[in-house]
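This is what each chain is made of:
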Number of protein chains: 2
Amino acid sequence: MSPNARFLGQAGSRARLDTPALLIDRAALDRNIAAMAAHARGAGVALRPHAKTHKSLAIARRQIDAGAIGICCATLGEAEIMVQGGVPGIHITSPQVTEPKIARLIALNGASHKGLSVVVDHLANLAALDAAARGSGRRLEVLIDFDAGQGRTGATSEGSLRALVLAALAADGLAFRGIQSYSGNLQHIPVRAERRARALAALETLGGVVARLRGDGIAVPIVTGGGTGTFDLDPEGRIFTELQVGSYVFMDVQYRQALADGRNTLPFETALYVGTAVVSANHASHVTTDAGLKSFATEGPPPEPASGAPPGSRYEFFGDEHGRLILPPGSQKPELAARIECVTPHCDPTVNLYDVYHVVDGDRLVEIWPVDARGKR
Amino acid sequence: MSPNARFLGQAGSRARLDTPALLIDRAALDRNIAAMAAHARGAGVALRPHAKTHKSLAIARRQIDAGAIGICCATLGEAEIMVQGGVPGIHITSPQVTEPKIARLIALNGASHKGLSVVVDHLANLAALDAAARGSGRRLEVLIDFDAGQGRTGATSEGSLRALVLAALAADGLAFRGIQSYSGNLQHIPVRAERRARALAALETLGGVVARLRGDGIAVPIVTGGGTGTFDLDPEGRIFTELQVGSYVFMDVQYRQALADGRNTLPFETALYVGTAVVSANHASHVTTDAGLKSFATEGPPPEPASGAPPGSRYEFFGDEHGRLILPPGSQKPELAARIECVTPHCDPTVNLYDVYHVVDGDRLVEIWPVDARGKR
């Protein structure tokens, strides 16, 4: 139980929370979910949003309620949580190759009655999944992963992709469902024209591959990919049947900075913050807060003060459990115990550092949601 | 329950674990604990090791069993876990200033019967703690925090320190126990001579302040500080009554790199690893693993491959859930599902990403310990 449960429903409670606390602006979250759902409907593409961002059953259910056909997961542990929570249409976007992971995957496939699929990018893995699924008496749905140029996972040529597709079609334990191609390397290209050109080039390659499979009489029901940075470009290619966007629910400093060339604002709002408190204030130049390396993702830009800090303040990490809010000259120093809310540097790994979301409506704490799949691998 | 519990005690189980997994080499851990205990005994200084590194009751108990007089905590949540676990002599090294934190601290002080103290660096915070402790009917032990030059927490002048000491002595709700002065900014200075000079300079300042308090008849039973990087320099100053070293139990790439000028090897071994598996192997230049931004601290150097990787391999982050092991030309590529163990970049925030330690003895998984205070603030 969060020590903040006692504040639920109280006016002004947002400013009195125990810190550091992960905050969701519920109205902004719901507007983001509705905006992406409307976009997908308008573009004639399905949505299977990515739970790696939020790891939350409450948010997955909001996405499903808004029309999503399912939920993507980056880890098997996330998928286990989503299946246990009754979320339909789970797709695992990373290959599952070790013996313990295959055993867990087959057990999950047996327990799942609302749809489960996984990507494959290697013939040896495909054979291992086939053997395990045949032993379980239940087919496992697979998508073949095609490398769009990132080099992380996926078949690297049309020939190797076709070999995997044919092997999946021939495998008694597997059911071939389609192709995944994710361009993670394109999501943060700052200039929209360049991002568009590269996204469409990747989609043209993918489209040719898929068309030639279909030309050979192979049904390819699903073509999945895309991300928040290319959310409005991906449907242009008319290749994807569904999008696996994730970060749009929350947004973060990475997306705000990367896609901020002025003509290029995404129609999504910041809905996620970390609330931190001033714990030491003995200097004119800065105050020390209680949110450091263990309370924010650290691989990107620094957190961005959003409220409670003088205009022009900068946030720096100051050790495991502390931050340094550097004050502009002549500004009024926040008092001891003052709350400062920050936009998160990179939303996904920040969320993974917290057990619960504190859901706020204006100045009021209204709900506490668990980060159900926090740390689940 | 970890999915790896079924492997407990099996020969060769270390190489078959579900990944990513946080591993402790138990023999190396115990040698590190014994080496630091012997050092402190030899130097005539007490040990109150820092639990922010390990967040583990099992490891805290091993440190106490080796002679430590107590355990330091960076957060109140860590202290709550340690007190609940019966660990004696808990000292909280960061100021606790907000209303929710003060309420929890006073409740913990009431529940604790084996020693609890906290630092203070501001008169307003001291007054708030005094009022709350008086209301609880139980004195709260406090140490005054003195800023050794890092600028994070602590009184910044001898005058403000003395004012805090006098206020603590005069406060009916508080019991003044001593001074804390932590030089976090000195721990990773690479050249030993410079590290020594700066550590001794800070200690000389601190020593003067403490001597003048004692000269005025004020008892200062505890002077605490120090870290793994200055573990053998801190006792030279003859100022600290106890050391709050943390990272020595595990070591990490940061300490290995920073303190590796050749004449400067610390007598502590790497005892902590992350075990990861190859999940995609479609390139000659690299393989993709299952440990990324959510499985390692990312604010320091990259993880360092320790076993399972060809000599000369480099590890890079490759997204939330993936790493890229870049292979030297001509090397043999690890196979799909092969395990690769890495030294952690910075041990403390890496540990905080895991629910359990997988404790290994040679090639065998022998125990699973919870990371009891993971995410506790």
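Source: prediction; values computed, not measured. (Residues numbered from 1 in each chain as written. Chains lettered and ligands numbered in written order. Predicted model: local features only at pLDDT ≥ 70, side-chain atom pairs only at ≥ 80, totals over all residues.)

**Some words on the overall build of chain A**
Then, number 1: Of regular secondary structure, chain A possesses 9 helices and 17 strands.
Then, number 2: For 377 residues, the compact-globule estimate of 2.2 N^0.38 gives 21 Å, and the C-alpha radius of gyration of chain A, at 22 Å, lies within 12% of that figure.
Then, number 3: The dimensions of chain A, computed from C-alpha atoms along their principal axes, are 70 × 45 × 35 Å.
Then, number 4: Looking at the 377 residues of chain A, the share that counts as buried comes to 55%.
Then, number 5: Considering only residue pairs separated by 6 or more positions, chain A has 68% of its internal contacts joining residues 24 or more positions apart. (Helix = DSSP H or I, 4+ residues; strand = E, 2+ residues; numbered from the N terminus. Rg over C-alpha atoms; globule rule 2.2 N^0.38 Å. Buried ≥ 20, exposed ≤ 12 C-beta atoms within 10 Å, placed from the backbone. Contact = placed C-beta atoms within 7 Å.)

**Quick look at helix α1 (residues 26-43) of chain B**
Two residues of an α-helix separated by three or four positions point the same way, owing to the 3.6 residues in each turn.
All names here are of chain B.
Then, number 1: Taking 1.5 Å of rise per residue, 18 residues should cover 26 Å, and α1 covers 26 Å from first to last C-alpha, within 8% of that figure.
Then, number 2: Here α1 has its buried residues at L29, N32, I33, M36 and A40. Taken around the axis of α1, the buried residues stretch over an arc of 95 degrees, which confines them to a single face.
Then, number 3: Looking at the buried side of α1, the elements it contacts are β1 (21-25), β2 (46-47), α2 (57-65) and β9 (242-243).
Then, number 4: Where α1 ends, the next residue or the one after it, G44, has phi of about 70 degrees, a positive value. (Expected span 1.5 Å × (residues − 1). Arc of directions from axis to C-beta.)

**Quick notes on unusual backbone geometry**
Then, number 1: A:P20 follows A:T19 through a cis peptide bond whose omega is -10 degrees.
Then, number 2: Along the chain, A:P20 turns up in the segment before β1 (21-25).
Then, number 3: You will see that A:M251, though not glycine, has its phi angle at about 60 degrees, which is positive.
Then, number 4: Assessed through the 22 C-beta atoms surrounding it within 10 Å, A:M251 is described here as buried.
Then, number 5: Even without a glycine there, the phi angle at B:R238 is positive, about 55 degrees.
Then, number 6: Note that B:R238 resides in the loop between β8 (222-225) and β9.
Then, number 7: Taking the number of C-beta atoms within 10 Å as the measure of exposure, B:R238 has 12 and is therefore exposed.

**Some details on the packing of helix α4 (residues 99-111) of chain B against helix α5 (residues 123-136) of chain B**
Residue and element names in this part refer to chain B.
Then, number 1: At their nearest, the axes of α4 and α5 sit 10 Å apart, and the two run at 45 degrees to each other. Relative to α5, α4 is oriented oblique. You can see that α4 and α5 cross each other, and the crossing is right-handed. Contact with α4, carried on its side by I102, I106, N109 and G110, involves A128, L129, A132, A133 and S136 of α5 and no other residues of that element.
Then, number 2: Each residue belonging to the contact of α4 with α5 can be placed in one class, and the counts come to 6 nonpolar, 3 polar and no charged. (Axes fitted to C-alpha atoms, helices over the stretch in contact; angles between N-to-C directions. Parallel < 35°, antiparallel > 145°, perpendicular 65-115°, else oblique. Left-handed = near helix turned anticlockwise from the far one by under 90°. Nonpolar A, V, L, I, M, F, W, Y, C, P; charged D, E, K, R; others polar.)

**Structural notes on the interface of chain A and chain B**
Then, number 1: Contacts between the two partners involve 55 residues from chain A and, on the opposite side, 54 residues from chain B.
Then, number 2: Elements that contribute at least two residues to the side of chain A that touches chain B include exactly α4 (99-111), α5 (123-136), β10 (272-280) and α9 (347-351) of chain A.
Then, number 3: Along the lines of polarity and charge, the residues of the side of chain A that touches chain B split into 20 nonpolar, 19 polar and 16 charged.

**Considering the domain arrangement of chain A**
Residues and elements named next belong to chain A.
Then, number 1: Parsing chain A into structural domains produces domain 1 (5-23 + 267-370) and domain 2 (27-251).
Then, number 2: Relative to domain 2, the C-alpha centre of domain 1 lies at a distance of 33 Å.
Then, number 3: When contributions to the side of domain 1 that touches domain 2 are tallied by element, the ones reaching two or more residues are α9 and β16 (356-361).
Then, number 4: When residues of the side of domain 1 that touches domain 2 are assigned to their parent elements, the largest contribution, 3 residues, is made by α9. (Domains from an automatic or database assignment.)

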